[in-house]
Amino acid sequence: MKLDIPAGDFAGYIFDLDGTLVDTMPLHYRAWNRAMQRAGLKEELSEDLFYSLGGVPTRQVAQLLAKHYGLQIDVEKVFHEKEALFLELRAEMKLIEAVVAFARKAAAGHTPVSVASGGPREIVRHTLELMGLKELFPVVVTPEDVVHGKPAPDMFLLAAKKMGVAPEKCLVFEDAEPGIQAAEAAGMKWVRVESRKAGRR
């Protein structure tokens, strides 16, 4: 995978987690598919719909999927079932090497790096730990830390603040449209990581 890094004098890097640092999106899809079927979905969950919601906070994804399919669901129940199903698949996680290598090189050169993920804090921390990335990212921002998740800019602005870097000096690595919209709203340049290609290597 070749990363298309824009020109600029960047002083900090912000990384999404799922589909950007770790190839988990196909696993999240399988977990959502099963959780939504348990909640009454009578067909396979649309992959295009699922990928269009990358980076959106998990509870909000449950609400948006239910609305799309006209289902009445218990959001909390679906949220917890989906995350439990995802954790069952954790042995299949793989690093997206090109992005992780970039983050390691930046950190080795004393440029601040952080994670801003739409996943629940506990799952994000668990994934980072499992993949040996916990020490690399001292700053981790999740939806629990802000009022509005992606596509609002709140998470990226908070990550920049915690790194001590001006927003316009940050470069964001993202795989999904809501995250790219959030980066633009935060006044940050971004790099798109092709997560669907990563999942089909």
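The following paragraphs examine the structure supplied in this document. Nothing here was measured: the structure is a model prediction, and the numbers come from that model.

Close contact between helix 4 (residues 75-88) and helix 6 (residues 121-130) brings their axes to 11 Å; oriented N to C, the two are set at 5°. Between helix 4 and helix 6, the angle is such that the two are roughly parallel. For the pair formed by helix 4 and helix 6, the contact residues are E83, F86 and L87 on the first element and I123, H126 and T127 on the second. Across the contact of helix 4 with helix 6, the residue classes tally to 3 nonpolar, 2 polar and 1 charged.

A few words on the pairing of strand 2 (residues 113-116). Every second residue of strand 2 is oriented toward a common face, with V113 and V115 on one face and S114 and A116 on the other, all of them buried. Strand direction decides the pairing type here: strand 1 (residues 12-15) and strand 2, joined by 3 bridges, are parallel. Bridge assignment links F15 to a residue of strand 2, and that residue is V115. Here strand 2 pairs with strand 3 (residues 139-141) via 3 bridges, running parallel. Looking at strand 3, one finds that V115 is bridged to V140.

On to the side chain of T142, then. Here T142 is to be found in the loop between strand 3 and helix 7 (154-163). Looking at T142, its side chain comes within polar contact range of the side chain of E144, at 2.8 Å. Setting aside chain neighbours within four positions, we find T142 in contact with S117, G119, R121, V124 and M155.

In this section: the environment of L65. Relative to the helices and strands, L65 resides in helix 3 (residues 58-69). Discounting residues that sit within four places of it in the chain, L65 has contacts with W32, M36, L45, L49 and L53.

Inspection of every chain in the model, using the stated rule, returns 10 salt bridges. Across the pair R38 and E81 runs a salt bridge, and its minimum N-O distance is 3.9 Å. Within this pair, whereas R38 is found in helix 1 (residues 25-38), its partner E81 is found in helix 4, the two being separated by 43 residues in sequence. A residue is classified by how much of its surface remains accessible, and E81, at 23% relative accessible area, is partly exposed. Taking the shortest distance from any N to any O, the salt bridge between R192 and E177 comes out at 3.2 Å. Taken as a pair, R192 in strand 5 (residues 189-192) and E177 in helix 8 (residues 177-185) lie far apart in primary sequence, 15 residues in all. Three or more residues joined by partner-sharing salt bridges are found here, namely D16, K150 and E174.

So, about the environment of E144. Along the chain, E144 turns up in the loop between strand 3 and helix 7. What makes E144 partly exposed here is its relative accessible area of 46%. It is 9.7 Å that separates the C-alpha atoms of E144 and M155, two residues lying 11 residues apart in sequence. The residues touching E144, leaving out its near neighbours within four places in the chain, are G119, P120 and R121. Of the polar contacts made by the side chain of E144, one reaches the backbone nitrogen of R121; its length is 3.1 Å.

With parallel pairing, 5 strands are arranged side by side in an open sheet as 3-2-1-4-5. Since the sheet does not close on itself, it has two edges, and those belong to strand 3 and strand 5, each with one partner. Put simply, the sheet's adjacent strands are angled 25° from each other on average, direction ignored. Sheet topology places strand 4 (residues 170-174) next to strand 5; 4 bridges connect them, and they run parallel. The partner of E174 across the bridge, within strand 5, is R192. Strand contacts of helix 5 (residues 97-108): strand 1, strand 2 and strand 4, with the helix running at about 150° to strand 1, the strand carrying the most contacts.

What counts, and where the lines are drawn
- Residues numbered from 1 in each chain as written.
- Predicted model: local features only at pLDDT ≥ 70, side-chain atom pairs only at ≥ 80, totals over all residues.
- Heavy atoms only, no water.
- Axes fitted to C-alpha atoms, helices over the stretch in contact; angles between N-to-C directions.
- Helix = DSSP H or I, 4+ residues; strand = E, 2+ residues; numbered from the N terminus.
- Parallel < 35°, antiparallel > 145°, perpendicular 65-115°, else oblique.
- Contact = heavy atoms within 4.5 Å.
- Nonpolar A, V, L, I, M, F, W, Y, C, P; charged D, E, K, R; others polar.
- Buried < 20%, exposed > 50% of the residue type's maximum accessible area, 1.4 Å probe, protein only.
- Pairing = 2+ DSSP bridges.
- Polar contact = N/O pair within 3.5 Å; in protein donor to acceptor, adjacent residues only side chain to side chain.
- Salt bridge = Lys/Arg side-chain N within 4 Å of Asp/Glu carboxyl O.

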